[in-house]
Amino acid sequence: MRTLLSIALVAFSFAARADGPADNIIEKVRPVPPPGAKISDDVRDELRIGADKLRQEIEALRSDLKGKSNALALVPDIEIYHKAVDWAVRFDEILNPTNEIPAARTLLKQGMGRVQQLREGKPAWISATGLVVRGYVSRLDGSVQPYGLVVPASFQPNSSQAWRLDIWFHGRDEKLTELNFLTQRQKDPGQFTPRNAIVLHTYSRYCNGQKLAGEMDVFEALADVRRNYAIDDNRIVVRGFSLGGAACWQIAAHYPGHWAAAAPGAGFSETADFLKVFQNEKVLPTWFEQKLWHQYDATDYALNFYNLPTVAYSGEIDGQKQAADMMVKAMAAEGLELTHVIGPQTRHAYHPAAKHEINRRIDSIAERGRDPLPRKLRFTTWTLRYNTCAWLRIDRLGKHWERARVNAEIAGNTLRIESDNVTALSVVMPSGLCPFDAADRVRVLIDDKELSGPRVPSDRSWEANFYKLGNRWYFGKPPEETLTKKSGLQGPIDDAFMGSFLVVRPTGTAAHEKIGAWVNAELAHFTNEWRRHFRGEARVKDDTNVTDADIANHNLILWGDPASNQLIPKIGSKLPITWDAQQVKVGREDFSASQNVPVLIYPNPLNPNRYVVLNSGFTIREYDYLNNARQVPKLPDWAVIDISTPPNSRWPGKIAEAGFFGERWELTDRR
């Protein structure tokens, strides 16, 4: 349904910019974040000393609270203040001295105030209403990440009420350092503050539209909110505008079973058409980039809105209306009709009457809440990174980066499932939710094959696993295989940085001087860009210091060659790509080891439950920062880099060859 509002415009403005050709030149890329402004040495020293003093107080507080786990869990709520000021000074990220220097002083005072409150056992912020900022420690890299809350005046910390939660994704702001984020989140409640609801403003690790590490921030921040507040899991709404609208499209489409409703505004919903329309870019992807668009293009996941109530918004004359228009087409192809509220004669802003209409619809949906066990499901994916919807879980695919579909329906004591490109799946119904008759066995029909499922236990849960061999489905878990792609171990390279990772640098000398120089430069580039773009300092260890605990707990990012990094020879014989001082061998192809470097992701032979990565960080680079629709993984599961072509803002060198591993992590035909 399309709703066209016809009330005079009183709009809220959002920053939006299409730089067009100026941001389409690979050789000339402006820095993101931008360079800081000049500040006096006296001010710099003042803020540095203040940040150091706060750090010392935090360290002393940790010592004082040793053994008091509940109090120690609140320390990240203080560390966010230190990080905001420390990074702004240490990395020259004060961008507007007139506003940000006073803001930094305020944050230091607030941090000291929280130190004192926690030391006295009276942390007032945990029960505060209004605008509250908090933080958590990320499992990805051990960094402290902030988030903002709007807590309603009706909130009572010890009441039995479970609260509706709206998650708001912010728009593009290249100046959104932690200092500016914390300052904003204590001044501005944002666009939507529903009555008797908590609003979570995610930082999303800066400005990436909830992609890669930013995607993980959604769930890490949400988990921290759940630890600290009683949240009704059936009344969680995701919303956002502009870049936040793009984030909403992608989080809603990929995780449809998590939310009561979605309300995306503007933004983008896919890569190729948006870059042509909005960025005026001539889009010429490699074959593997085009496949990798299937990771984040919400249009490819349009079927998933079958189970997720959604109200989209666009200004009638906003160039970013393109996002919802593309979703209208994609959903129509699946037999679905998108509710699209349009603000008349409105550019990149919310029309006030549209806000009222969106709230009316979303509030009604949230009041009813998410159905935790829908009787019908329609679900699609292209990768096991996204493999769940409500009670359905896809465990294995026939082939990654080709569409997989499941239609499932509960009818009486029968479960009907139709699947495509799926070779293993599970049905998981939590205690109390199973609708089947406990006195009878459940009849299961999968692709017209009849199976008998397990009985319903007395707690009214139900879990059943099914797998396919050839054209035949069986009840139970699939036969164990040494290696198979599964959720969280399916690639591509960037997937390693969506979990806990450890960078392992070489201490030896490379077999070829040019290879060693390239490794050192790319390693420094990765750790620097991780800090700048994903706002964390990567854990780094020398190869000689890696422990069994490190291997057990982290994805290992190994830099170097077999001569320089002692861990590479330990796993080299178990990788599908071999490498020695003479050559890099990929199947029948040989590449000279004097100018070629393999990069890859693979289950770590020392711990197959974690990844190992060779010689790569996340694969988006500086050119991709300039438009968030470009921020899609750029390399597949493996590649050979010819370093005779120097790295640039797009690539780490010339891509001599690249490809995806098969479903058993084997080498396959390139395409």
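Position numbers for residues start from 1 in each chain and track the written sequence from start to end. pLDDT decides what is reported in this predicted model: residues at 70 or higher carry local features, side-chain atom pairs at 80 or more are listed and counted, and totals for whole chains, interfaces and linings draw on all residues regardless. As a rule here, side-chain values cover all heavy atoms of the structure and leave hydrogens and water aside.

It is worth spelling out the overall build of the protein chain at this point. Helix and strand assignments come from DSSP, with helices taken as H or I runs of at least 4 residues and strands as E runs of at least 2, each series counted from the N terminus. Each helix and strand in the protein chain was counted, giving 15 helices and 31 strands. For the radius of gyration, the atoms used are the C-alpha atoms, and the globule rule reads 2.2 Å times the number of residues raised to 0.38. Here the protein chain has a C-alpha radius of gyration of 26 Å; the compact-globule value for 671 residues is 26 Å, and the two agree. Across its three principal axes, the protein chain shows a C-alpha extent of roughly 75 × 65 × 55 Å. Partly exposed describes any residue whose relative accessible area lies between the buried limit of under 20% and the exposed limit of over 50%, with all areas from a 1.4 Å probe on protein chains only and scaled to the type maximum. Counting all 671 residues of the protein chain, 58% fall into the buried class. Across the protein chain, the fraction of contacts at a sequence separation of at least 24, relative to all contacts at a separation of at least 6, is 73%. Using the Shrake-Rupley algorithm and a 1.4 Å probe, accessible areas are obtained, with residue cover drawn only from the displayed protein chains. Summed over its atoms, the accessible surface of the protein chain is roughly 26700 Å², and 48% of this surface lies on carbon and sulfur atoms. Residue contacts are counted whenever heavy atoms from the two residues lie within 4.5 Å of one another.

A few words on empty space enclosed by the protein. Within this scheme a cavity is a closed region of a 1 Å grid, computed over the protein atoms alone, that accommodates a 1.4 Å probe without allowing it to escape, whereas a pocket is open but has protein on both sides within 12 Å along at least five of seven lines; lining residues each have an atom within 4 Å of a point. Grid points are joined across faces, edges and corners, and a volume is the space filled by probe spheres set on the points. Going through the model one piece at a time under the given rule, you end up with 2 cavities of 30 Å³ or more. Here the largest cavity is characterised by a volume of approximately 190 Å³. The wall of the largest cavity is formed by 20 residues, among which Glu-522, Ser-616, Gly-617, Phe-618 and Arg-621 lie closest to the centre. Among the residues forming the lining of the largest cavity, the class breakdown is 11 nonpolar, 5 polar and 4 charged. Of the pockets and cavities examined, the second largest cavity occupies roughly 60 Å³. Lining the second largest cavity are Lys-211, Ala-246, Gln-250, Phe-268, Ser-269, Glu-270, Thr-271, Tyr-296, Asp-297, Ala-298 and Val-632. When residues are grouped by polarity, Ala, Val, Leu, Ile, Met, Phe, Trp, Tyr, Cys and Pro land in nonpolar, Asp, Glu, Lys and Arg in charged, and all others, Gly among them, in polar.

Now for helix 4 (residues 97–119). An α-helical turn contains 3.6 residues, so a residue and the one three or four places further along point in the same direction. Here the expected span of a helix is defined as 1.5 Å times the quantity of residues minus one. End to end, helix 4 covers 32 Å across 23 residues, agreeing with the expected 33 Å (1.5 Å per residue, within 8%). Looking only at helix 4, the buried set comprises Glu-100, Ile-101, Ala-103, Ala-104, Leu-107, Leu-108, Gly-111, Arg-114, Val-115 and Leu-118. On its buried face, helix 4 is in contact with helix 1 (41–64), helix 2 (69–72), helix 3 (76–90), strand 3 (130–137) and helix 5 (178–185). The first or second residue beyond helix 4 is Gly-121, which carries a positive phi of 75°.

A separate point is the sheet that holds strand 14 (residues 392–397). Taken together, the 5 strands give an open sheet; going across it, the order is 13-14-17-20-21, and neighbouring strands pair in antiparallel fashion. Each having just a single partner strand, strand 13 (388–389) and strand 21 (472–475) make up the two edges of the open sheet. Looking at chain direction, strand 13 and strand 14 are connected through 2 bridges and run antiparallel. Along strand 14, the bridge assignment pairs Cys-389 with Leu-392. Two strands are said to pair when DSSP picks up at least two bridges between them.

By convention in these notes, a salt bridge is any Lys or Arg side-chain nitrogen within 4 Å of a carboxyl oxygen on Asp or Glu. This structure, assessed with the given rule, holds 45 salt bridges. Among the ionic pairs, Glu-334 bridges to Arg-405, the shortest N-O distance being 3.0 Å. You can see Glu-334 sitting in the loop between helix 10 (321–333) and strand 10 (339–343) and its partner Arg-405 sitting in strand 15 (residues 404–411), a full 71 residues away along the chain. A salt bridge links Glu-481 to Arg-396; the nearest nitrogen and oxygen atoms lie 3.0 Å apart. Residue Glu-481 is found in the loop between strand 21 and strand 22 (501–505), and its partner Arg-396 is found in strand 14; the two are separated by 85 residues along the sequence. Taking relative accessible area as the criterion, Glu-481 reaches 27% and is therefore assigned partly exposed.

Here an angle of 0 to 180 degrees is reported between the N-to-C directions of two axes, which are lines fitted to C-alpha atoms, with helices fitted over the stretch in contact. With their axes 8 Å apart at the nearest point, helix 3 and helix 5 run at an angle of 135° to one another. Looking at the two axes, helix 3 sits oblique to helix 5. Note on element contacts: helix 5 touches helix 3 through Glu-178, Leu-179 and Leu-182, opposite Ile-80, Tyr-81, Lys-83, Ala-84, Trp-87 and Ala-88. Tallied by class, the residues present in the contact of helix 3 with helix 5 amount to 7 nonpolar, no polar and 2 charged. Just so you know how the angles are binned, under 35 degrees is roughly parallel, over 145 roughly antiparallel, 65 to 115 roughly perpendicular, and the rest oblique.

What follows concerns unusual backbone geometry. Of the consecutive residues Val-32 and Pro-33, the connecting peptide bond is found in the cis state with omega at 0°. Among the secondary structure elements, Pro-33 is positioned in the loop between strand 2 (12–13) and helix 1. Each neighbour pair has its own omega, and for Gly-491 with Pro-492 the value is 0°, a cis peptide bond. Here Pro-492 shows up in the loop between strand 21 and strand 22. We note that Ser-204 has phi near 60°; this positive angle belongs to a residue other than glycine.

So, on to the pairing of strand 22. With respect to burial, strand 22 is a largely interior element, 4 of its 5 residues being buried. Bridging between strand 22 and strand 23 (residues 540–542) involves 3 bridges; their strand directions are parallel. The residue bridging Val-504 from the neighbouring strand is Lys-541, located in strand 23. At this point the chain moves from strand 22, through helix 12 (residues 513–534), to the parallel strand 23, and the crossover so formed is right-handed. Viewed with both strands pointing away, a crossover whose connecting path from the first strand over the helix to the second turns clockwise is right-handed.

Within helix 9 (residues 287–296), 9 of the 10 residues are buried, which leaves the element mostly enclosed by the surrounding structure. Taken as a whole, helix 9 has its buried residues at Trp-287, Phe-288, Glu-289, Lys-291, Leu-292, Trp-293, His-294, Gln-295 and Tyr-296. Where helix 9 is buried, its residues touch helix 6 (213–228), helix 7 (243–254), helix 8 (272–278) and strand 31 (654–659).

So, on to the confidence of the model for the protein chain. Per-residue confidence from the prediction method is given by pLDDT, with values spanning 0 to 100. Residues with a pLDDT of 70 or more make up 97% of the protein chain, whose mean pLDDT is 95. Low confidence marks residues 1–18, where pLDDT is under 50. Its contacts with residues over four positions away, or in another chain, come to 55 contacts.

This part covers the packing of aromatic side chains. Here the aromatic set is Phe, Tyr and Trp, taking the six-membered ring for Trp, and pairing holds for ring centres within 6.5 Å; pairs whose planes are under 30 degrees apart are stacked, those over 60 apart are edge-to-face, and all others are tilted. For the structure shown, the criterion picks out 37 aromatic pairs. On the basis of an interplanar angle of 20° and a centroid distance of 5.4 Å, the ring pair of Tyr-467 and Tyr-474 is categorised as stacked. For the pair Phe-501 and Trp-530, a centre-to-centre distance of 4.9 Å together with 85° between the ring planes defines the contact as edge-to-face. Note that Phe-501 is positioned in strand 22 and Trp-530 in helix 12, a separation of 29 residues in sequence. The exposure class assigned to Phe-501 is buried, which follows from its relative accessible area of 0%.

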